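A structural walkthrough
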Amino acid sequence: LQTMSGNEDDWLALKPQKPSPSQCCGSGCKPCIYDVYEKELAQWERAKAKQDKSLLMEKKEQSNNSELNPDTFTAFNISSVEQLTEDTYQYKFELPGNSSLQLSLGQHIVLRGEVNGLEVQRAYTPISPGNAEGYFEVLMKCYEAGLMSQYIKTWKKGDMVLWRGPFGGFPYRPNKYGELLMLASGTGLAPMLPILQSITDDEEDETFVTLVGCFRTFDKIYLKPLLQDLARYWNVRIFYVLSQETSLEKLPQSYQGNTYMGRLDEDLMKTIMNSCRRKPFVLICGSSAFNEDMSRYLKTAGIEENSCFVF
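The shown structure was predicted, so the numbers you read here are calculated from the model rather than taken from an experiment.

The sheet built from 6 strands is open, its strands ordered S4-S3-S6-S1-S2-S5 with antiparallel pairing. Strand pairing shows two members of the sheet lacking a second neighbour, strand S4 (118–124) and strand S5 (135–141), which therefore form its edges. Along the sheet, successive strands turn relative to each other by an average axial angle of 40°, direction set aside. Both strand S3 (residues 107–115) and S4 contribute to a ladder of 7 bridges, which runs antiparallel. When the sheet's bridge partners are listed, Arg-112 is paired in S4 with Gln-121.

Here is the structure:
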């Protein structure tokens, strides 16, 4: 009997842990972390019923092949850390050989971190092109009280970080829409960039793009050189809405004509909508409050729900 109970403890130690609510990023991933747990639990129950631990091995091997996978977390090496603003960083991760993440547009990946013994998961959209070889880049904002931020702030070059994915995405096809209106607040810029770059990289794609970036001040605008480059294309316009900037005169000349002070409210939304060259399809990404406000203004402006996509 003694051996039996010892064996029982062994099996209990191998039993998958049920995820806590903080581990779910809430982005509607398929599979969600809870789906993965159910799958692993079923696998554990089968193995236990047959008293065969080798049946548990398949998931262990999976995570060592350094490829992104929706079911298991894979470790990636941080190859560079760049601070963009006081609280925003751009991280570059290494991919083995010349492999690429092969993300379709706007897809996100899920990061797993541990803070004070608590596991946390959050979704981020890489800003590098989906076919970038040998690396991918992620834009991250660190919040004072954020659990995940406390973990991210400790990162340095050479650290290994766990990612799973890809999930979601916006099913973009060249020339499917006459005009894309992108409404982004802060790091909500991230899913817009690969889509915008895929349009400018494709000479056959004649989609008009109007990107509206909402930031607190001019200093808080990320990736200015990249955005300035993109704005030079014939079919791209970029506007900035700065909620805490006090005077446009202080801004560089090249920003004065396309920057608004204050908030992106209903009136400004109408102005921007009226300046669109074709009836736009709208992409929205920001905080949940921002997303709700934008959806409401668009409704008032006569844009139906099926002409919007919220990341």
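Quick look at the pairing of strand S9 (residues 236–242) now. In terms of residue burial, S9 counts as a mostly covered element, since 7 of its 7 residues are buried. Alternating residues of S9 divide into Val-236, Ile-238, Tyr-240 and Leu-242 and Arg-237, Phe-239 and Val-241, and every residue in both groups is buried. Alignment of strand S8 (residues 208–215) against S9, held across 7 bridges, turns out to be parallel. Paired with Cys-214 across the bridge in S9 is Val-241. Remark: the S8/helix H6 (residues 224–230)/S9 crossover connection has right-handed handedness. The pairing of S9 with strand S10 (residues 259–261) spans 3 bridges and is parallel. By the bridge assignment, Tyr-240 is partnered in S10 with Thr-259.

Strand order across the open sheet formed by 6 strands is S10-S9-S8-S7-S11-S12, with parallel pairing between neighbours. Where the open sheet ends on each side, the last strands, each with one partner, are S10 and strand S12 (308–310). When the angles between neighbouring strand axes are averaged without regard to direction, this sheet yields 15°. The strands touched by helix H5 (residues 192–201) are strand S7 (179–185), S8, S9 and strand S11 (280–285); relative to S7, the strand with the most contacts, the crossing angle is about 150°. Packing against the sheet, helix H9 (residues 288–300) makes contact with S7, S8, S11 and S12, and its axis sits at approximately 160° to S11.

Another aspect to go through is the UniProt feature "domain: FAD-binding FR-type" (unreviewed entry) in the protein chain. UniProt marks residues 71–173 with the feature "domain: FAD-binding FR-type" (unreviewed entry), using the numbering shown here. Here residues 71–173 runs as 6% helix and 50% strand, with 27 Å between its end C-alpha atoms.

Conventions and cut-offs
Within each chain, residue numbers correspond to sequence positions counted from 1 in written order. The predicted nature of this model means local features are confined to residues of pLDDT at least 70 and side-chain atom pairs, given and counted, to a pLDDT of 80 or more, with totals for whole chains, interfaces and linings taken over all residues. The basis for every side-chain value is the complete set of heavy atoms in the structure, and neither hydrogens nor water enter the calculation. By definition, two strands form a pair when at least two bridges between them are found by DSSP. The helix count covers DSSP runs of H or I at least four residues long, the strand count covers runs of E at least two residues long, and both are numbered beginning at the N terminus. A fitted line through C-alpha atoms serves as each axis, taken over the contacting stretch for helices, and the angle formed by two N-to-C directions is quoted from 0 to 180°. Each residue is placed in one exposure class: buried if its accessible area under a 1.4 Å probe, protein chains only, is under 20% of its type's maximum, exposed if it is over 50%, and partly exposed if it falls in between. Look down the strands so they point away from you; if the path from the first strand over the helix to the second goes clockwise, the crossover is right-handed. Pairs of residues are marked as contacts when any of their non-hydrogen atoms sit within 4.5 Å. UniProt positions are given in the numbering used here, feature names are shortened, and annotations may be inferred rather than shown by experiment.

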